[in-house]
Amino acid sequence: MFPELTNLLPRSNINAFRRGYFLRVAALGCGMLAGLVVLHGLLLLPSYIFAHSEVKRESAQLATLNASLNTSEEAQVRKRLGQLSTNVAYLNTLATTTTASAVLRAMLAAPRTGITLSGFTFTPATPGKQGTMGISGMAATRDTLRAYALALGALPFVTNADLPISAYAKDSNIPFTITLTGSLRP
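Residues numbered from 1 in each chain as written. Predicted model: local features only at pLDDT ≥ 70, side-chain atom pairs only at ≥ 80, totals over all residues. Heavy atoms only, no water.

Caption draft 1: Structural context of the pairing of strand β4 (residues 172-182). Examined bridge by bridge, strand β2 (residues 131-141) and β4 share 10 bridges and lie antiparallel to one another. When the sheet's bridge partners are listed, M133 is paired in β4 with L180. The pairing of strand β3 (residues 160-162) with β4 spans three bridges and is classified as antiparallel. Bridge assignment links N160 to a residue of β4, and that residue is T181. (Pairing = 2+ DSSP bridges. Helix = DSSP H or I, 4+ residues; strand = E, 2+ residues; numbered from the N terminus.)

Pasting the structure below:
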């Protein structure tokens, strides 16, 4: 036999035979690829089922932990945290308000001959409200009381010095209470 075979088919049939052969090889390759995809999908199915069950288990554990955290101890901690937050806010406002000692120093610096001071009340100014300070004492005469009230009213951080008219009822040794309002920031 001859190693070289002779093909007696016409050229168009040879090309059609080759096309059919390559078409069968391509179909077999696509079939094998589809089979591999299905096989890998089937092999991944247990991993998917395991991951899905783990997610469910972890979700249940998270729900259990959240339920256990909603105990009375947590409510007490939240209440205490709220109180601490309120205290911090109050302390922050105290840091920006005028101290009573600074206002008292400024009040005592005002000329007060014939005036004896006996009591002070102080309410610091807040952002929406002016501060108030009450000064009580004894004045020797009406003129010294009037001069002292005018001196306090002239201070730059005082907008109003209120002295009741009833304080002028006596001629000497007059007890008084002056209420100062304003920013009270010397």
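Let's pick the thread back up.
Caption draft 2: Geometry of the pairing of β2. Two elements, strand β1 (residues 115-123) and β2, share eight bridges in a ladder whose sense is antiparallel. Bridge pairing links F120 to I135 in β2.

Caption draft 3: Summary view of a nonpolar patch on the surface. Together, V38, L42, L45, Y48 and I49 make up an exposed nonpolar region whose accessible area comes to about 530 Å². Relative to the assigned elements, V38 resides in helix α1 (residues 11-69). (Patch = residues over 30% accessible without salt bridge, like charges linked within 9 Å, V, L, I, M, F, W, Y side chains within 5 Å. Areas by Shrake-Rupley, 256 points an atom, 1.4 Å probe, with all protein chains shown as cover. Salt bridge = Lys/Arg side-chain N within 4 Å of Asp/Glu carboxyl O.)

Caption draft 4: Inspection of helix α4 (residues 142-153) at higher detail. Under the 1.5 Å per step criterion, the end-to-end length of α4 is 16 Å for 12 residues, consistent within 8% with the ideal 16 Å. If you check which residues of α4 are buried, you get L145, Y148, A149 and L152. Down the axis of α4, the sector holding all buried residues measures 100°, keeping them to one side. Exposed residues on α4 whose side chains face more than 90 degrees from its buried face are D143 and L150. (Expected span 1.5 Å × (residues − 1). Buried < 20%, exposed > 50% of the residue type's maximum accessible area, 1.4 Å probe, protein only. Arc of directions from axis to C-beta.)

Caption draft 5: Representation of the sheet that holds β2 within the structure. Pairing in this open sheet of four strands is antiparallel, and the strands run β1-β2-β4-β3 from one edge to the other. Each of the sheet's edge strands pairs with one partner strand only, and the pair in question is β1 and β3. Within the sheet, the average angular offset between the axes of one strand and its neighbour, ignoring direction, is 20°. This element, helix α3 (residues 100-109), spans β1, β2 and β4 of the sheet and lies at about 150° to β1. (Axes fitted to C-alpha atoms, helices over the stretch in contact; angles between N-to-C directions. Contact = heavy atoms within 4.5 Å.)

Caption draft 6: Looking closely at α3. Taken residue by residue, α3 has V103, A106 and M107 as its buried positions. Along the long axis of α3, the arc covered by the buried residues comes to 100°, so they all point the same way. With respect to the buried face of α3, the exposed residues turned more than 90 degrees away are R105 and A109. Looking at the buried positions of α3, the neighbouring elements they touch are β1, β2, α4 and β4.

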